[in-house]
Amino acid sequence: MTRQMRTIAYVDGLNLYYRAVKGTPHKWLDLEALLRGLLRPENDLVRIRYFTADVSGRRDPSAPLRQQAYLRALGRNSVVSIHKGNFL
């Protein structure tokens, strides 16, 4: 019998965006579905910790609004916790 392992995923939001989804139709990525698809069946995903920083609107004035909309949507998922830092 396979033992369930409580699993917490840590996601670097800026790297995820700039390296995987920018310029694709996948900007509204369902993190929980993605991670559950990547993990083994014995992994019980109990938390997704999403780390990000506020984007600048200097080049694209609508970028902060789009980011906030995505973060609000992520925050509605009880498995996801959002952690904001500073981008240098």
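Cut-offs applied
Residues numbered from 1 in each chain as written. Predicted model: local features only at pLDDT ≥ 70, side-chain atom pairs only at ≥ 80, totals over all residues. Heavy atoms only, no water. Helix = DSSP H or I, 4+ residues; strand = E, 2+ residues; numbered from the N terminus. Buried < 20%, exposed > 50% of the residue type's maximum accessible area, 1.4 Å probe, protein only. Contact = heavy atoms within 4.5 Å. Areas by Shrake-Rupley, 256 points an atom, 1.4 Å probe, with all protein chains shown as cover. Lys, Arg positive; Asp, Glu negative; His and termini not counted. Charge placed at Lys NZ, Arg CZ, Asp CG, Glu CD. Salt bridge = Lys/Arg side-chain N within 4 Å of Asp/Glu carboxyl O. Core = buried A, V, L, I, M, F, W, Y, C linked by side-chain atoms within 4.5 Å. Pairing = 2+ DSSP bridges. Right-handed = clockwise from strand over helix to strand, strands pointing away. Phe/Tyr/Trp six-rings, centres within 6.5 Å; stacked < 30°, edge-to-face > 60°.

Below, the discussion takes up the overall build of the protein chain. The secondary structure content of the protein chain amounts to three helices and three strands. Ordered by position in the sequence, the α and β elements of the protein chain form the string β-α-α-β-α-β. By the burial criterion, 28% of the 88 residues in the protein chain qualify as buried. Put simply, of all contacts in the protein chain between residues at least 6 apart along the chain, 69% involve residues at least 24 apart. For the protein chain, the exposed surface amounts to about 6,700 Å²; the carbon and sulfur share of it is 54%. In the protein chain, the 15 positive side-chain charges and the 7 negative ones have mean positions that sit 5 Å from each other.

As a further point, take the side chain of E32. Along the chain, the position of E32 falls in helix α2 (residues 31–38). When near neighbours in sequence (up to four residues on either side) are disregarded, E32 contacts L45, I48, N77 and V79.

So, on to the pattern of salt bridges. Opposite charge on two side chains permits pairing when their charged atoms draw close. Under the definition given, this model contains three salt bridges. Among the ionic pairs, R66 bridges to D60, the shortest N-O distance being 2.8 Å. According to the relative accessible area criterion, D60 is partly exposed, its value standing at 29%.

Counting 13 residues, the largest nonpolar core has V11, L31, L35, I48, Y50 and L74 as the members making the most contacts within it. Going through the elements one at a time, β1 (5–12), α2, β2 (43–53) and α3 (63–75) are the ones with two or more residues in this core. In contact with I48, not counting residues within four places along its chain, are A9, V11, L31, E32, L35, V79, V80 and S81.

Alignment of β2 against strand β3 (residues 80–85), held across six bridges, turns out to be parallel. What sits directly across from Y50, in β3, is I82. You can see the chain leave β2, run along α3 and come back into β3, and the turn it takes is right-handed.

Glancing now at the packing of aromatic side chains. Summed over the entire model, instances satisfying the criterion amount to four aromatic pairs. On the basis of an interplanar angle of 80° and a centroid distance of 4.9 Å, the ring pair of Y17 and Y18 is categorised as edge-to-face. Look at Y18 and you get partly exposed, because its relative accessible area is 46%. Consider the rings of W28 and Y70, whose centres lie 5.6 Å apart with planes at 80°: the pair is edge-to-face. Highlighted residues: W28 in the loop between α1 (13–21) and α2 and Y70 in helix α3, separated in sequence by 42 residues. The class for Y70 is buried, based on a relative accessible area of 12%. Put simply, the rings of W28, Y50 and Y70 touch in pairs and so form one group of aromatic residues.

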